[in-house]
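# Coordinates in review
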Amino acid sequence: MAEKVKPHMAAQPIEGRGPSSAEQIRAQVLAEMAEDLKRRGFGAAAVAELMLAAGRIPDEFERLSVNQRVQHLILLVSFTVLCVTGFALMIPTERLPTLPFAGDALFDLRGLLHRIAAAWMVGLAFYHLYYVTFTREGRRDLRDLMIRPLADMAEARDNLRYGLGLRDEPPRFDRVTYKDKLEYWALVWGTVVMTVTGIVLWSESLWSLRVLDICRAIHGYEAILAALAIVAWHIYNVHLRPGVFPMSKTWIDGKISREEMIEEHPLEYERLVMSCRRKESGPEE
């Protein structure tokens, strides 16, 4: 019969091995345990936990690159200026003296500021077109953002059922969800409509009164719709929902936490975990 190992003996360090060597042994043992769990049919989550303990999975993942964050910042500033100055343009001139702030001088600049912000947004739109056409990162983003009617409708249906309590688990989202696609293509549509109608209004001397009235109505109502979408949809989903309140910092540092990745993008997380495992194991023999 084999002699039992006493508890105090099991805790003894291996002679001649320093901390770094012990850490290597620990990582190797955890990696072997992960492989054993996989062979026994355990899920990716259990394997991922061991890999995390071995230091093989980062606590944060990159969600937005520097390029994407700069584009977002330009869009944020130009859109905000457009909303403030655009809605200010709707205030009749005869009402300006009754306003207790800003004064006539600032409101005289509202049209100029509106056009400057519009030029920045149109310039960003053209750069974004270049980005999704001629850069590898942009082409990947565009592929992920392409609408897949059946799959996207299934995601929306399952998410609605989960919200109503008719489904036990939420749908498993990938890097881009159906909500991201709706928001992106709504932005593209809104940018095209606002640019076309804005150019017509900017060159009003070239158009008939009927055309100007139609474009003015479209421009105004689309602006209201866009502002409401940002406030009621984007700001809540990104910054105010439980788990990220009071603000997600992804637009600043481009990072997303491991916990949020598991909850919001489980399919992408599992793919990244497998990528980490392949990097650790090296090329297959």
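Residue indices follow the written sequence of each chain, beginning from 1 at its first position. Two thresholds apply to this predicted model, a pLDDT of at least 70 for residue-level local features and 80 or more for giving and counting side-chain atom pairs, whereas whole-chain, interface and lining totals are computed over all residues. As a convention, hydrogens and water are excluded, and side-chain values are obtained from all of the structure's heavy atoms.

## A few points about the overall build of the protein
Within the protein one finds 13 helices and 2 strands. For each residue, the accessible area found with a 1.4 Å probe, counting protein chains only, is set against the maximum for its type, and the residue is called buried under 20%, exposed over 50%, and partly exposed in between. Of all 285 residues assigned to the protein, the portion counted as buried reaches 29%. Every residue pair with non-hydrogen atoms within 4.5 Å of one another is taken to be in contact. Once local pairs closer than 6 in sequence are excluded, the contacts in the protein between residues at least 24 apart make up 64%. Reported accessibility uses the Shrake-Rupley method at a 1.4 Å probe radius. Residues are deemed covered only where the shown protein chains occlude them. Surface exposure of the protein reaches about 19,900 Å², of which carbon and sulfur atoms provide 65%. The way it works is that DSSP assigns letters per residue, a run of H or I at least four long becomes a helix, a run of E at least two long becomes a strand, and they are numbered from the N terminus.

## Re the pattern of salt bridges
We count a salt bridge whenever a side-chain nitrogen from Lys or Arg sits within 4 Å of a carboxyl oxygen from Asp or Glu. Summed over all chains, the structure comprises 13 salt bridges. When the shortest N-O distance is used, the salt bridge between Arg-157 and Asp-158 registers 3.1 Å. By relative accessible area, which is 48% here, Arg-157 ends up partly exposed. Counted as one network, the salt bridges with shared partners bring together Arg-140, Asp-141, Asp-144 and Arg-175.

## Comments concerning the confidence of the model for the protein
Each residue carries a pLDDT value, the predictor's own confidence for that position, ranging from 0 to 100. On average, the protein scores 81 in pLDDT, and the residues at 70 or more come to 73%. Segment residues 1-19 is flagged for pLDDT under 50; beyond a separation of four residues in sequence, or across chains, it makes 3 contacts in the model.

## Considering the nonpolar core
The set of buried Ala, Val, Leu, Ile, Met, Phe, Trp, Tyr and Cys residues whose side-chain atoms join them within 4.5 Å is what this entry labels a nonpolar core. Core analysis: the biggest nonpolar cluster contains 6 residues, these being Phe-79, Leu-82, Cys-83, Ala-117, Met-121 and Ala-227. Those elements giving two or more residues to this core turn out to be α4 (66-89) and α6 (110-134). In this view, Phe-79 contacts Met-121, Ala-226, Ala-227 and Ile-230; residues no more than four positions away in its chain are not counted.

## Some thoughts on a negative patch on the surface
Residues enter a patch when their relative accessible area is above 30% and they make no salt bridge; the linking distance is 9 Å between like charges and 5 Å between nonpolar side chains (Val, Leu, Ile, Met, Phe, Trp, Tyr). The charged-residue count follows a simple rule in which Lys and Arg add positive charge and Asp and Glu add negative charge, with His and chain termini not counted at all. Where a charge lies is defined by one atom per residue type, namely NZ (Lys), CZ (Arg), CG (Asp) and CD (Glu). On the surface, Asp-59, Glu-60, Asp-253 and Glu-259 cluster together into a patch of negative charge. Structurally, Glu-259 can be placed in helix α12 (residues 258-264).

## Quick look at the packing of aromatic side chains
Ring pairs shown here join Phe, Tyr and Trp side chains whose ring centres sit within 6.5 Å, with only the six-membered ring taken for Trp; geometry is labelled stacked below 30 degrees between planes, edge-to-face above 60, and tilted in between. Counted under the stated rule, the structure contains 6 aromatic pairs. When the centroid spacing of 6.0 Å and the interplanar angle of 45 degrees are considered together, the rings of Tyr-127 and Tyr-130 count as tilted. Taken as a pair, Tyr-127 and Tyr-130 lie in helix α6 at a separation of 3 residues, close to a single helical turn. What makes Tyr-127 partly exposed here is its relative accessible area of 34%.

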